[in-house]
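Understanding the architecture of this molecule
So you can see what is in the structure, the chains are spelled out below.
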Amino acid sequence: MSLSIVSMAYAQSEPSSPDSNYHFDKHDDFKIFWQDFQKAVLQKDKAAIAKMMNYPFSDYEHSPLIFLNEAEFLAQYDELFNAKMVKLIETNQYRQGDPEQEDMADTTGPDGYVIEHENSDDGYNLVIEKIDGVYKLVRIAFYS
């Protein structure tokens, strides 16, 4: 009996891997992706967010805010996830994309989503699309 109690106590004290907090293998479902993404952003889990991004990451205009790889993203994390963007993510300010938009200002397909400011003067919007069957943050969308 004491052996099973010791085993249970040890199992509870083992640190869980960061990946166990997320469902990366189920990111073919937008709702699961969004829950994981939102959780990672609110907890400032940069490593988890980096796994949810597609590289290279850019915007339509190819501004200086382009991440060729995870290291570049991590170095500029605070610029992309500023207070306004975090608030949008926290309050579920996303919509399904409109593939009829021109010039990659929106999603390229009907299964994409846009994290969107109500007023484009407030900042940039982020695009989420399926890449190789799973949702990823793919680029910044600007509207003119």
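Residues numbered from 1 in each chain as written. Predicted model: local features only at pLDDT ≥ 70, side-chain atom pairs only at ≥ 80, totals over all residues. Heavy atoms only, no water.

A separate point is the confidence of the model for the protein. Considering every residue of the protein, the mean pLDDT works out to 80; 73% of them sit at 70 or more. The spread of mean pLDDT over the elements of the protein runs between helix H1 (residues 2-13), the lowest at 44, and helix H2 (residues 30-42), the highest at 98. (pLDDT = per-residue confidence, 0-100. Helix = DSSP H or I, 4+ residues; strand = E, 2+ residues; numbered from the N terminus.)

Turning our eyes to something else, we now look at unusual backbone geometry. The omega angle of the peptide bond from Tyr55 to Pro56 is -5°, so this bond is cis rather than trans. You can see Pro56 is positioned in strand S1 (residues 53-59). Positive phi is not limited to glycine here, since Lys44 has a value of about 55°. Relative to the assigned elements, Lys44 resides in the loop between H2 and helix H3 (46-51). One non-glycine residue, Asp132, lies in the positive phi region at around 50°. Here Asp132 shows up in the loop between strand S4 (125-131) and strand S5 (134-141). A residue is classified by how much of its surface remains accessible, and Asp132, at 80% relative accessible area, is exposed. (Buried < 20%, exposed > 50% of the residue type's maximum accessible area, 1.4 Å probe, protein only.)

We now examine the packing of H2 against helix H6 (residues 83-90). Between H2 and H6, the least distance of the axes is 9 Å, while the angle of their chain directions is 140°. Considered as vectors, H2 and H6 are oriented oblique to each other. The element H2 and its partner H6 pack so that their crossing is left-handed. In contact with Trp34, Phe37, Gln38, Val41 and Leu42 of H2, H6 contributes Val86, Ile89 and Glu90. By residue class, the composition of the contact of H2 with H6 is six nonpolar, one polar and one charged. (Axes fitted to C-alpha atoms, helices over the stretch in contact; angles between N-to-C directions. Parallel < 35°, antiparallel > 145°, perpendicular 65-115°, else oblique. Left-handed = near helix turned anticlockwise from the far one by under 90°. Contact = heavy atoms within 4.5 Å. Nonpolar A, V, L, I, M, F, W, Y, C, P; charged D, E, K, R; others polar.)

Okay, the sheet that holds S4 next. Strands sit in the order S1-S5-S4-S3-S2 across an open sheet of five strands; the sheet is mixed. At either margin of the open sheet sits one strand with a lone partner, and together these are S1 and strand S2 (94-96). Strand-to-strand twist across the sheet, computed as the mean angle between neighbouring axes with direction ignored, equals 25°. Examined bridge by bridge, S2 and strand S3 (residues 113-115) share three bridges and lie antiparallel to one another. (Pairing = 2+ DSSP bridges.)

A few words now on the pattern of salt bridges. According to the stated counting rule, one finds three salt bridges in the structure shown. Ionic pairing is found between Lys87 and Glu90, a salt bridge with its closest N-O pair at 3.8 Å. With Lys87 and Glu90 both in helix H6, this residue pair falls three residues apart, about one helical turn. Of the residues examined, Lys87 reaches a relative accessible area of 48% and is grouped as partly exposed. A salt bridge links Glu129 to Arg139, with the nearest nitrogen and oxygen atoms 3.6 Å apart. Residue Glu129 is located in strand S4, and its partner Arg139 is located in strand S5; the two are separated by ten residues in the primary sequence. (Salt bridge = Lys/Arg side-chain N within 4 Å of Asp/Glu carboxyl O.)

Turning to the nonpolar core, a few remarks are in order. Counting 29 residues, the largest nonpolar core has Phe37, Leu80, Phe81 and Leu126 as the members making the most contacts within it. The set of elements that each furnish at least two residues to this core consists of H2, H3, S1, helix H5 (77-80), H6, S3, S4 and S5. Sorting elements by how many residues they give to this core places H2 first, with six residues. (Core = buried A, V, L, I, M, F, W, Y, C linked by side-chain atoms within 4.5 Å.)

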